[in-house]
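# Coordinate analysis (summary)
Now for the letters of each chain:
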Amino acid sequence: AGSRRAGAGAAKGAAGVAGAKAADSYTLPPNLRVVALDDDEFVRQVDSYNFKKLKLHATVMGATAEEIVQFPERLMEMDMPQVKVVILDQHLDHPERCGPLIKGTDLIPRLREVGYKGLIIMKSANNSSEDRAAYKAAGADGSLDKGLTRVALAKELAMLLAAKREVKPLADEAGKVLDKGMLEMADHDEVLERIRGFQDRACSLLDEADDLCSTGDPRRAWTLVNKLKALANFVGAEQVALVCEECRKTLLSLPGGEVSTSSQQMLRLRDRTSAVLKELSSYMQNDKEPLGDKASRRGSLKEPLGDTEKHVEERKKNFT
């Protein structure tokens, strides 16, 4: 019996670890500010636990009748612009109250009146298609079933956040060159910001490193390639990061004054980075997002590193 209990305990532990990893795969913005309202003490405890495990900055309310009735005003007392998600129980009642039941949907117009602009999500055991339509008609941005697992909660929140911001999933162009973790980030504004940063800095780092290699200083070029590798890892451009690592090792092993081998390595790195930037630029153009001064300075976004083919052919001639 003891061994069976031990085996069951191990299985439960393994399931818990697997669940935590699955929840992590739905990346939510760090310290996402959430405020939830529910009249059930047990539900509040479960919500608090799940929010903590998801590393959300959460406040769970509804312990008193006053917190329910005055919820919009209580929200105003917080740093309301920082609150991105409000989750409302649909059927709100409390032992202290005397009077009619309060519906979460009744609080939606009051929340908008006090200036709340974030996501409003209803939570109820009643979540049929008709119920969801009624929540939407009342002004809710979405709804959740009561009793969702932490994994399901993370997934639903990620999807609702993306829908609220009206950010389409990363296009096929970006999907070709970014790793899975970056593609699954719920905060697509952060993804776009990282892409813009990569586009702005990659070109200048390559130019500087290329110039150093041309003047026979591969060791100093190594430091710039190292920076490009860190930038590529930050944006999830694994293809660039891998070539950076190969180039970095070669440059570190070369003596000062060596030009041919280091320049050939830089040529290969420039070619790979150019291909990645073209894919990302295509995505950013479709998303109508600005690219910053350095990208515009280099001209057409279809050729983010300039006339790359011409540049590559000219450099190759120097080594033949």
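Residues numbered from 1 in each chain as written. Predicted model: local features only at pLDDT ≥ 70, side-chain atom pairs only at ≥ 80, totals over all residues. Heavy atoms only, no water.

## What to know about the packing of aromatic side chains
The full count for this structure, using the stated rule, is 0 aromatic pairs. A cation over an aromatic ring shows up here: Arg-194 above the ring of Phe-234, its NZ or CZ 4.0 Å from the ring centre. (Phe/Tyr/Trp six-rings, centres within 6.5 Å; stacked < 30°, edge-to-face > 60°. Lys NZ or Arg CZ within 6 Å of the ring centre and 35° of its normal.)

## Brief notes about the pairing of strand S7 (residues 142-145)
Two strands pair when backbone bridges link them, and strand S6 (residues 119-124) and S7 are joined in this way by 4 bridges, in the parallel orientation. Along S7, the bridge assignment pairs Met-122 with Ser-143. The parallel pair S6 and S7 is bridged by helix H6 (residues 129-137), and the resulting crossover is right-handed. (Pairing = 2+ DSSP bridges. Helix = DSSP H or I, 4+ residues; strand = E, 2+ residues; numbered from the N terminus. Right-handed = clockwise from strand over helix to strand, strands pointing away.)

## A closer look at the environment of Arg-270
Turning to its location among the elements, Arg-270 is positioned in helix H13 (residues 260-287). Expressed as a C-alpha distance, the spacing of Arg-270 and Val-243, which sit 27 residues apart in the sequence, is 9.6 Å.

## What to know about the sheet that holds S7
Hydrogen bonding along the main chain pairs the strands of a sheet, whether they run parallel or antiparallel. The sheet built from 5 strands is open, its strands ordered S2-S1-S3-S6-S7 with parallel pairing. Sheet topology places strand S2 (57-61) and S7 at the edges, where each strand pairs with a single neighbour. The average undirected angle you get between the axes of adjacent strands in this sheet is 20°. Across 5 bridges, the pairing between strand S1 (residues 33-37) and S2 is parallel. By the bridge assignment for S2, Ala-36 is matched with Val-60. (Axes fitted to C-alpha atoms, helices over the stretch in contact; angles between N-to-C directions.)

## Considerations on helix H5 (residues 104-113)
Note on helix geometry: an α-helix contains 3.6 residues per turn, so any two residues three or four positions apart are oriented the same way. When H5 is considered as a whole, its buried residues turn out to be Gly-104, Thr-105, Leu-107, Ile-108 and Leu-111. All buried residues of H5 fall inside an arc of 140° around its axis, so they share one side. Of the residues one or two after H5, Gly-115 is the one with positive phi, at around 100°. (Buried < 20%, exposed > 50% of the residue type's maximum accessible area, 1.4 Å probe, protein only. Arc of directions from axis to C-beta.)

## Details of the side chain of Glu-67
Inspection of the secondary structure assignment puts Glu-67 in helix H3 (residues 65-69). For the buried residue Glu-67, which engages in no salt bridge, the nearest side chain bearing the opposite charge is Arg-74, 4.1 Å off. One polar contact links the side chain of Glu-67 to the main-chain amide nitrogen of Gly-62, over a distance of 2.7 Å. (Lys, Arg positive; Asp, Glu negative; His and termini not counted. Salt bridge = Lys/Arg side-chain N within 4 Å of Asp/Glu carboxyl O. Polar contact = N/O pair within 3.5 Å; in protein donor to acceptor, adjacent residues only side chain to side chain.)

## A look at the environment of Met-266
Mapped onto the fold, Met-266 is located in helix H13. Relative accessible area serves as the criterion here: at 1%, Met-266 is assigned to the buried category. On a C-alpha basis, the gap between Met-266 and Asp-207 in space is 9.5 Å, while along the polypeptide they are 59 residues apart. Among residues more than four places away in sequence, those in contact with Met-266 are Leu-206, Ala-209, Asp-210, Cys-213, Val-225, Cys-247 and Leu-251. (Contact = heavy atoms within 4.5 Å.)

So far we have only geometry, and geometry alone does not tell us how the molecule works.
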